[in-house]
Amino acid sequence: MAPRVMRFISDFFVYETAKSVVVKSWSVGVINRFVQLLIILYFIGWVFIHEKGHQTRDTGIESAVMTKVKGLGKFSNRVMDVADYVVPSQGASMFSIITNMVITPNQMQGRCPETEKNCTTDADCIKNNNGNGIITGKCLNNNVTNGTEGWCEIEGWCPAENDSISGVPMKEVENFTIFIKNSIRFPRFDVIRGSFPSSINTTYIKTCNFHPEKDPFCPIFKVGDILKQTNQDLENITKKGGEIGININWKCNLDYSVENCNPKYFFTRLDAPFEHSAASKGYNFRFAKYYQSKDGTEYRTLYKAYAIRFEIIVSGNAGKFDAVPFLINLVAAFTSVGLATVFCDIILLNFLKGADEYKAKKFEEVSGIVSEESGKKRLYQGSQVSIKGLEKSSNDSGTFSIGRQE
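This write-up is about the structure you can find in this document. All of these numbers come straight from a predicted model, not from anything done at the bench.

The next subject is a nonpolar patch on the surface. Among the surface-exposed residues, Met1, Val5, Met6, Phe8, Ile9, Phe12 and Phe13 lie close enough to one another that they form a single nonpolar patch of about 860 Å² accessible area. The topology assignment puts phenylalanine 12 in helix α1 (residues 2–12). Phenylalanine 12 sits in the exposed class, given a relative accessible area of 55%.

This paragraph deals with the state of the cysteines. One pass over the full model with this rule turns up five disulfides. Between the sulfur atoms of cysteine 125 and its disulfide mate cysteine 152 the distance is 2.3 Å. Its torsion about the S-S bond being -100°, the disulfide of cysteine 125 and cysteine 152 is classed as left-handed. With cysteine 125 in helix α4 (residues 124–127) and cysteine 152 in strand β9 (residues 151–158), the pair connects residues that are 27 residues apart, well separated along the chain. Cysteine 152 matches cysteine 125 in its accessibility class, with the two residues each being buried. A sulfur-sulfur separation of 2.0 Å characterises the disulfide bridge that pairs cysteine 208 with cysteine 218. When the S-S torsion is 75°, as for the bridge of cysteine 208 with cysteine 218, the disulfide is right-handed. Note that cysteine 208 is positioned in the loop between α5 (202–207) and β12 (220–222) and cysteine 218 in the loop between α5 and β12, a separation of ten residues in sequence. Taking the relative accessible area as the measure of exposure, cysteine 208 reaches 6% and is therefore buried.

So, about the packing of aromatic side chains. Per the counting criterion, the structure on display carries 16 aromatic pairs. An angle of 65° between the planes, with centres 6.2 Å apart, marks the rings of phenylalanine 221 and phenylalanine 267 as edge-to-face. On the criterion of sequence distance, the pair formed by phenylalanine 221 in strand β12 and phenylalanine 267 in strand β14 (residues 263–269) is long-range, its members being 46 residues apart. Phenylalanine 267 carries the same exposure label as phenylalanine 221, and that label is buried.

This part covers the nonpolar core. Ranked by size, the top nonpolar core spans 43 residues in total, and within it Tyr85, Ile97, Phe186 and Phe310 carry the most contacts. Those elements giving two or more residues to this core turn out to be β7 (94–113), β10 (177–186), α6 (223–229), β13 (242–253), β14 and β16 (298–321). Looking at this core, the element that brings in the most residues is β16, giving seven residues. Discounting residues that sit within four places of it in the chain, tyrosine 85 has contacts with Val69, Lys70, Gly71, Leu72, Met80, Ser96, Ile97, Ile98, Met170 and Phe176. Counting residues in each nonpolar core, the second largest holds nine residues, with Cys119, Cys125, Ile135 and Cys152 among its members.

As a further point, take the packing of helix α8 (residues 323–337) against helix α9 (residues 339–350). For the pair α8 and α9, the least separation of the axes is 4 Å and the interaxial angle reads 15°. What the angle tells us is that α8 and α9 run roughly parallel. Residues Thr335, Ser336 and Val337 of α8 pack against Leu339, Ala340 and Thr341 of α9.

For α9, which comprises twelve residues, the first-to-last C-alpha distance of 17 Å matches the rise-based estimate of 16 Å (1.5 Å per residue) to within 8%. The complete set of buried residues in α9 reads Ala340, Cys344, Asp345, Ile347, Leu348 and Leu349. Contacts from the buried residues of α9 go to β1 (20–23), α2 (26–50), α8 and α10 (355–362).

Right, let's get into the environment of tyrosine 256. Within the element layout of this structure, tyrosine 256 appears in the loop between β13 and β14. By relative accessible area, tyrosine 256 is classed as exposed at 57%. Taking the C-alpha atoms as reference, tyrosine 256 lies 8.9 Å from lysine 320; in sequence the two are 64 residues apart.

For the rest of this paragraph, the subject is the pattern of salt bridges. With the rule as written, the count across this model stands at twelve salt bridges. Ionic pairing is found between arginine 286 and glutamate 161, a salt bridge with its closest N-O pair at 2.8 Å. Linking arginine 286 in strand β15 (residues 284–292) with glutamate 161 in the loop between β9 and β10, this pair joins segments that are 125 residues apart in sequence. Look at arginine 286 and you get partly exposed, because its relative accessible area is 44%. Put simply, glutamate 311 and arginine 309 hold a salt bridge, and the shortest N to O gap is 3.0 Å. One continuous salt-bridge network, built from bridges that share partners, spans Glu161, Asp163, Arg286 and Lys304.

Cut-offs and rules
Residues numbered from 1 in each chain as written. Predicted model: local features only at pLDDT ≥ 70, side-chain atom pairs only at ≥ 80, totals over all residues. Heavy atoms only, no water. Patch = residues over 30% accessible without salt bridge, like charges linked within 9 Å, V, L, I, M, F, W, Y side chains within 5 Å. Areas by Shrake-Rupley, 256 points an atom, 1.4 Å probe, with all protein chains shown as cover. Salt bridge = Lys/Arg side-chain N within 4 Å of Asp/Glu carboxyl O. Helix = DSSP H or I, 4+ residues; strand = E, 2+ residues; numbered from the N terminus. Buried < 20%, exposed > 50% of the residue type's maximum accessible area, 1.4 Å probe, protein only. Disulfide = S-S within 2.5 Å. Phe/Tyr/Trp six-rings, centres within 6.5 Å; stacked < 30°, edge-to-face > 60°. Core = buried A, V, L, I, M, F, W, Y, C linked by side-chain atoms within 4.5 Å. Contact = heavy atoms within 4.5 Å. Axes fitted to C-alpha atoms, helices over the stretch in contact; angles between N-to-C directions. Parallel < 35°, antiparallel > 145°, perpendicular 65-115°, else oblique. Expected span 1.5 Å × (residues − 1).

By themselves, these observations are geometric and do not establish any function.
Below, the structure written as C-alpha cells:
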C-alpha cells in the first residue's frame, strides 16, 4: 500500500513539457505562415474592425417619433387637406395617407337587398353572406319559375356598400411631404441624439427635401421620393394602397465624437409578399361619419379608404471601447493562431512523404514500467540509430530537427 501511495505522490509532483520537432520543409512552412496570416487578418479585419470586438455595446435604444404631413389634393371634386386624408391625426410613428375611397352616403338602419345577386331561393340566403349586414333569410326580386337570381335581404345599414365602384385616386399625394422628428437615447452611455442638428432653422426646413447624399439631415421627406426609393408604381399604390416602412437606423461608434452619431434612412415595401396576391393586396380600412336629422333619425356616411400606410421603425446600437471584451478577443486571437499547428500536423501525419518518420519523432509509446536508468539507456540507444544520418540535434533539450543533412 505504501509503495503505491509514494508512486502516486511522485507521479503527481512532476513537470511535463512537449517535445518540439522542427520540420524543415518549405511547403509546410508556407502553409503554416499562410494559415496564421489568415487567422490574424480575420481577427483584425472582422472581429475588431467590422464587428467592433473591442467595444461594449448598447442595443437597448430608447426612441420617440413625431410626424407631420403637409399637402393639398383633390378627390371626387373636393379639395382634401391634412384633416381629410391623414389617419390618425396625432402625428404618431404609424399613420396612413388616404389616396382613394368608396363613399356610401346616407345610410340608415333598416332592411335592404345586398349589392350582388347571390340567391335563387330563400334557402340560399342562409349560407351566403358577404358581411354588409345580418342575413334575414329572404331572397328578394327573384323569379323562381325561370331560375333568375336575386338579392339576399340584410338587416343593418342601408343601402349596402358597393365597393366595386371607386373614384379616381388622388394623384397629388406624390407631392405631399412628411416631417419626421426622432430623438433617441442610449441609456448605458447616457447619450442623447436627435435626427437633425439643432442648428437647423425654419427657413431651411421650408425649402429642403431629404436626399441620402446631397441633404441627409433634412427632416422633410417627399412621398414621391420615398415611393421611388422602394420602386413602387404611383398608379397602383394610390389605387389599392400599401404599407411602406421608413427605417431609421442609428449605428454609433462612441470612440469618436458623439457628433458623428447620426441616423441613416432606409425605405421598404412592408407588404411586398402580398403585392401580387389575388386574395388580398394593398391596404384599406373603413370609417364612418355619423349625423342626426331634425326628427332624431341617425344616419351616416360610410367610407372605405384605400391608403398608403407608413410605419417608422427605429433601430440601432452604440459601442464604446471596453478593456474586458478587448482582452477576451485578443486572447482568443492568440489562441486561434495555434490552429495553424494543428492543420500542419494533419498534413504531415497523413499526406506528405516521411509521415511515419514524423510520427515516430512526435509520439513515443511506452509499455510497462521501466527503471529510470534503463529507460534513459534505451532511449539513448534508440536515438543513436534513428537520428544518425537524417537528423540534427538542436541545442535545446528534447528538440529534433527533421530535414536534409548538409
